[in-house]
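# Structural features, examined
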Amino acid sequence: MANHLSKPAGPPSEEPKLKIYFLPNLMTAGNLFCGFVALTKIVEADIGAPNFNSVIRHALFFILLACIFDLLDGRLARMGGAESPFGREFDSLADLISFGAAPAFLVHRIVLKDVFSQHAEVGWFIASIYLICGALRLARFNTNIAVVDRRFFQGLPSPAAAALVVGLIWVVTDAGYSP
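Note that residues are indexed from 1 along each chain, following the sequence as it is written. Where local features are concerned, this predicted model is filtered to residues with pLDDT of at least 70; where side-chain atom pairs are given and counted, the filter is 80 or more; whole-chain, interface and lining totals use all residues. Hydrogens and water molecules were not included; the side-chain quantities draw on all heavy atoms of the structure.

## So, helix H4 (residues 120-144)
- Strands are runs of DSSP state E lasting at least two residues, helices are runs of H or I lasting at least four, and both sets are numbered from the N terminus onward. By this rule the span expected of a helix is its residue count minus one, scaled by 1.5 Å. For H4, which comprises 25 residues, the first-to-last C-alpha distance of 36 Å matches the rise-based estimate of 36 Å (1.5 Å per residue) to within 8%.
- Only protein chains enter the accessibility calculation, which uses a 1.4 Å probe. A residue is then buried if its area is under 20% of the maximum for its type, exposed if over 50%, and partly exposed in between. Taken together, the buried positions of H4 are Gly123, Ala127, Gly134, Arg137, Leu138 and Asn142.
- Two residues form a contact once any of their heavy atoms are found within 4.5 Å. For H4, the secondary structure elements touched by its buried residues are helix H3 (85-115) and helix H5 (158-174).

What follows is the structure, encoded as structure tokens:
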């Protein structure tokens, strides 16, 4: 008679291991780095300085470069069969900086700061709505990954939303607008 507390016969079960894949996560780190540099450039841009638009264009460039890194990290992970929960979470955190915080700061710096100069809190609140919506969208994506058909993307991807904001700001600064 077998003891009901003994392990069943067969191969020993392995504990699930946290898998961290180098190349896709290196691309995600590139995305995060670009978002950080974009934020730094936006903060460093001195309103009224002759190089203001140039510094802002550098920020725009880094947000677009983050989009490329974001595209590559997902593709490399899927091609190499290297998708992991860690990579998904790391990607979402990087996306929140590059495609949430950086565009929100950018819109505040270029548009909302002047529009709401008497009530700065209103400008910050409006800019934060974009960031909050991006965070909610990424959280929804991460929590629904197991229940939705991944062949069909739901909602607007955060890099596309950021590219739209960047494109609009690029047009505005090209037209000669400077706060």
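Continuing now.
## Regarding the packing of H3 against H5
- Fitting a line to C-alpha atoms yields each axis, with helices limited to the stretch in contact; the angle taken between N-to-C directions then spans 0 to 180 degrees. Contact geometry for H3 and H5: axes closest at 9 Å, N-to-C directions at 25 degrees. Here H5 runs roughly parallel to H3, going by the angle between their axes. Crossing of H3 over H5 shows left-handed handedness. Of H5, the residues touching H3 (which contributes Asp95, Phe99, Pro103, Leu106, Val107, Ile110 and Val111) are Ser158, Pro159, Ala162, Val165 and Ile169. For classification, angles of less than 35 degrees are called roughly parallel, those exceeding 145 degrees roughly antiparallel, those between 65 and 115 degrees roughly perpendicular, and all remaining angles oblique. Whether a crossing is left-handed or right-handed is set by the direction in which the near helix is turned from the far one by less than a right angle, anticlockwise for left-handed and clockwise for right-handed.

## Some remarks on the nonpolar core
- Buried residues of nine kinds, namely Ala, Val, Leu, Ile, Met, Phe, Trp, Tyr and Cys, make up a nonpolar core once their side-chain atoms join them within 4.5 Å. The biggest cluster of nonpolar side chains holds 24 residues, and the ones touching the most others in it are Ala38, Ile56, Leu60, Ile63, Leu106, Ile110 and Ile169.
- Elements that contribute at least two residues to this core include exactly helix H1 (22-44), helix H2 (52-79), H3 and H5.
- Here the element with the most residues in this core is H2; it accounts for nine residues.
- Residues contacting Ile63, with those up to four places away along its chain left out, are Ala38, Ser98, Phe99, Ala102, Pro103, Leu106, Ala162 and Val166.

## Things to note about the pattern of salt bridges
- Salt bridge, as used here, is a side-chain nitrogen of Lys or Arg placed within 4 Å of a carboxyl oxygen of Asp or Glu. Following the criterion strictly, the structure yields one salt bridge and no others.
- Salt-bridge contacts for Asp174 lead to Arg57; the nearest nitrogen and oxygen are separated by 2.7 Å. With Asp174 in helix H5 and Arg57 in helix H2, the pair connects residues that are 117 residues apart, well separated along the chain.
- You can call Asp174 exposed: its relative accessible area is 52%.

## Focus: the packing of aromatic side chains
- Each Phe, Tyr or Trp ring (for Trp, its six-membered ring) is paired with any other whose centre lies within 6.5 Å, and the angle between the two planes then decides the class: stacked below 30 degrees, edge-to-face above 60, tilted in between. Scanning the model with the defined rule gives three aromatic pairs in all.
- Geometrically, the ring pair formed by Phe86 and Phe90 is tilted, given 6.0 Å between the ring centres and 35 degrees between the ring planes. Of this pair, Phe86 and Phe90 both sit in helix H3, separated by four residues, roughly a single helical turn.
- According to the relative accessible area criterion, Phe86 is partly exposed, its value standing at 30%.
- Judged by relative accessible area, Phe90 falls into the partly exposed class, the value being 22%.
- Judged by centre distance (5.6 Å) and plane angle (70 degrees), the ring pair of Phe105 and Trp124 falls under edge-to-face. With Phe105 in helix H3 and Trp124 in helix H4, this residue pair connects regions lying 19 residues apart in the sequence.
- The class for Phe105 is partly exposed, based on a relative accessible area of 32%.

Remember, this is a structural readout, not a statement about activity or role.
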